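# Tertiary structure, described
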Amino acid sequence: MSRKYKFYNKEGLYFVSFATVYWIDVFVRPIYCDIMVDSLIYCKQNLGLELYCWCIMPSHIHLIFSAKNHNPDILLGRIKEYTSKEIVKAIKENSQESRKEWMLWMFERAGLKSSKVKGYQFWQHNNKPVELWSTAVIEQKADYLHNNPVAAGFVNEAWHWKYSSAIDYSGGKGLIDLDEL
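These remarks concern the structure in this document. (Residues numbered from 1 in each chain as written. Predicted model: local features only at pLDDT ≥ 70, side-chain atom pairs only at ≥ 80, totals over all residues. Heavy atoms only, no water.)

## As for the packing of helix α2 (residues 72-93) against helix α3 (residues 100-112)
Running from N to C, α2 and α3 point in directions that differ by 145 degrees, and their axes come no closer than 9 Å. Crossing hand, α2 versus α3: left-handed. In this structure, α2 contributes V88, I91 and K92 to the contact, and α3 contributes K100, M103, L104 and F107. Across the contact of α2 with α3, the residue classes break down as 5 nonpolar, no polar and 2 charged. (Axes fitted to C-alpha atoms, helices over the stretch in contact; angles between N-to-C directions. Helix = DSSP H or I, 4+ residues; strand = E, 2+ residues; numbered from the N terminus. Left-handed = near helix turned anticlockwise from the far one by under 90°. Contact = heavy atoms within 4.5 Å. Nonpolar A, V, L, I, M, F, W, Y, C, P; charged D, E, K, R; others polar.)

## Describing the packing of helix α1 (residues 30-46) against α2
Close contact between α1 and α2 brings their axes to 10 Å; oriented N to C, the two are set at 150 degrees. In terms of their interaxial angle, α1 and α2 are classed as roughly antiparallel. Considering only the axes of α1 and α2, their crossing is right-handed. On α2, the residues that touch Y32, I35, M36, S39, L40 and C43 of α1 are L75, I79, Y82, T83, E86, I87, A90 and I91. Considered class by class, the residues forming the contact of α1 with α2 number 11 nonpolar, 2 polar and 1 charged. (Parallel < 35°, antiparallel > 145°, perpendicular 65-115°, else oblique.)

## Remarks on the packing of aromatic side chains
Per the stated rule, a full pass over the model turns up 9 aromatic pairs. Measuring from centroid to centroid gives 6.2 Å for F15 and Y144, while their planes differ by 75 degrees, and the two rings are edge-to-face. Note that F15 is positioned in strand β1 (residues 14-19) and Y144 in helix α4 (residues 135-151), a separation of 129 residues in sequence. Residue F15 is classed as buried on the basis of its relative accessible area, which comes to 5%. Centre to centre, the rings of F122 and W123 are 4.8 Å apart; their planes meet at 90 degrees, and the pair counts as edge-to-face. Take W123: its relative accessible area is 4%, and that puts it in the buried class. Of the aromatic side chains, those joined through ring pairs into one cluster are F18, F27, F107, F122 and W123. (Phe/Tyr/Trp six-rings, centres within 6.5 Å; stacked < 30°, edge-to-face > 60°. Buried < 20%, exposed > 50% of the residue type's maximum accessible area, 1.4 Å probe, protein only.)

Shown next as structure tokens:
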């Protein structure tokens, strides 16, 4: 893996993006988004996640975060490991999921191609961490993250996207209590 895809400063503030395998649009149903939100809340309360900005898009997640325990790589790995298992389980158990067989087949196919995975692979392996070293870079990444649903044409205003911290930065209250930048 190239140098730009690693967490070198364990105490740093990072912007990360991680996507489902094959960019499958999983997060189009609230049940799967809620698993992601609940996981982030749990990690804030129990695993030292400091979360500053977040956004769940249909096939990927954006976060600006740091780790109190100086283990951003391990923390992100735990988030991805837990959510992959819980979301796949939710898909299997969702009798109304019209894409169930296809998604499970795709996750299984991805798992078979990876030596790191046994069974289903939900997330792509890379996280693309970018250390945020200045106010200007932090603002640029936060704006990008919050405006992603607008750029995709899902909403006209960033703060209208339910699964994002944009509302918190517009004077409202979002789904997750944030740490202050």
